[in-house]
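Close look at the chain arrangement
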Amino acid sequence: MTGIVVAVGAAMAAGAAMAQSQPLPTPLVEEVMVKTTLLTLNDANLTGNYDVMHAKMAKAFREKFRSDTLEQAFRTFAGKHIDIIAATPLVTTHKARIDRNGALMLRGYFDTTPSRLNYALDYEISEGEWKLIAIDVKVKGSSTSYAGAANLLAHATADVPPPLK
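Residues numbered from 1 in each chain as written. Predicted model: local features only at pLDDT ≥ 70, side-chain atom pairs only at ≥ 80, totals over all residues. Heavy atoms only, no water.

1. Let's talk about the pairing of strand 1 (residues 90-98)
Pairing of strand 1 with strand 2 (residues 104-110) involves six bridges; the strand directions are antiparallel. When the bridges of strand 2 are listed, His-94 appears paired with Arg-107. Counting the residues in the hairpin turn of strand 1 and strand 2 gives five residues, including Gly-102, whose phi is positive at 90°. (Pairing = 2+ DSSP bridges. Helix = DSSP H or I, 4+ residues; strand = E, 2+ residues; numbered from the N terminus.)

Written out as structure tokens, the structure is:
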């Protein structure tokens, strides 16, 4: 696991200078980025095919991990719908910012009653545009499970009640 962190850290450091020169996205662009990312995750979870999500990730991620890394990371979300967010306004919990490694950090939630979908998304400049490098998604409910394949790069925590029998 240490090799993963080091490799990604080096790639992020290289992109940090370029990212620092990029302006922060507008709130509307932030919303599009968040919803596009989460709807892509939703499609991958429903179909079991993470190839498109993998293709949309930053180059540093794609070079180190295959799409099955994402499939493992989001195993607890498999078959669950999070597409309600398309028609729900997002609530930011922290102002968008670029960290010292050049990652654009977007944090917030969707008030999806009866539960709440929290997200922490990090993007880096890859191939000339902001692309996802790390994702943390939590749906708060009554039970907790953790799925993580590449802890720093992609992980999900689902607090989703088990289906009624």
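What follows continues from the structure just given.
2. Considerations on the nonpolar core
Within the largest apolar cluster, 35 residues are counted, with the highest numbers of intra-cluster contacts made by Leu-38, Leu-41, Phe-74 and Ile-135. Mapped by element, the contributors of at least two residues to this core are helix 2 (27-47), helix 4 (59-64), helix 5 (67-73), strand 1, strand 2, strand 3 (116-126) and strand 4 (129-140). Apart from residues no more than four positions distant in its own chain, Leu-38 is found in contact with Ile-82, Ile-85, Phe-110, Leu-117, Tyr-119, Ile-135 and Val-137. (Core = buried A, V, L, I, M, F, W, Y, C linked by side-chain atoms within 4.5 Å. Buried < 20%, exposed > 50% of the residue type's maximum accessible area, 1.4 Å probe, protein only. Contact = heavy atoms within 4.5 Å.)

3. Re the packing of aromatic side chains
Considering all chains together, one arrives at three aromatic pairs under this definition. Ring centres of Phe-61 and Phe-65 lie 5.1 Å apart, and the angle between their planes is 40°; this geometry places the pair in the tilted category. The two residues Phe-61 and Phe-65 agree in class, both being buried. A centroid spacing of 5.8 Å and a plane angle of 45° characterise the contact between Phe-110 and Tyr-119, whose relative ring orientation is tilted. Each member of the pair Phe-110 and Tyr-119 is classed as buried. (Phe/Tyr/Trp six-rings, centres within 6.5 Å; stacked < 30°, edge-to-face > 60°.)

4. With respect to unusual backbone geometry
One non-glycine residue, Glu-127, lies in positive phi territory at about 55°. Following the sequence through the fold, Glu-127 ends up in the loop between strand 3 and strand 4.

5. Overview of the pattern of salt bridges
Scanning all chains against the criterion turns up seven salt bridges. Its salt-bridge partner being Glu-63, residue Lys-59 comes within 3.8 Å of it at the nearest N-O pair. You can see Lys-59 and its partner Glu-63 sitting in helix 4, four residues apart, about one turn around the helix. Relative accessible area serves as the criterion here: at 57%, Glu-63 is assigned to the exposed category. The salt bridge involving Asp-68 is made with Arg-66; its shortest N-O contact spans 2.6 Å. (Salt bridge = Lys/Arg side-chain N within 4 Å of Asp/Glu carboxyl O.)

6. Here's the deal with the environment of Thr-36
For Thr-36, the location among the structural elements is in helix 2. Linking Thr-36 and Ala-86, residues 50 residues apart in sequence, is a C-alpha distance of 8.7 Å.

7. Quick look at the side chain of Arg-107
Summarising the element assignment, Arg-107 is placed in strand 2. According to the relative accessible area criterion, Arg-107 is buried, its value standing at 18%. A distance of 3.1 Å separates a polar side-chain atom of Arg-107 from the backbone oxygen of Leu-121. Here the side chain of Arg-107 touches Asp-122 through a polar contact of 2.7 Å, side chain to side chain. (Polar contact = N/O pair within 3.5 Å; in protein donor to acceptor, adjacent residues only side chain to side chain.)

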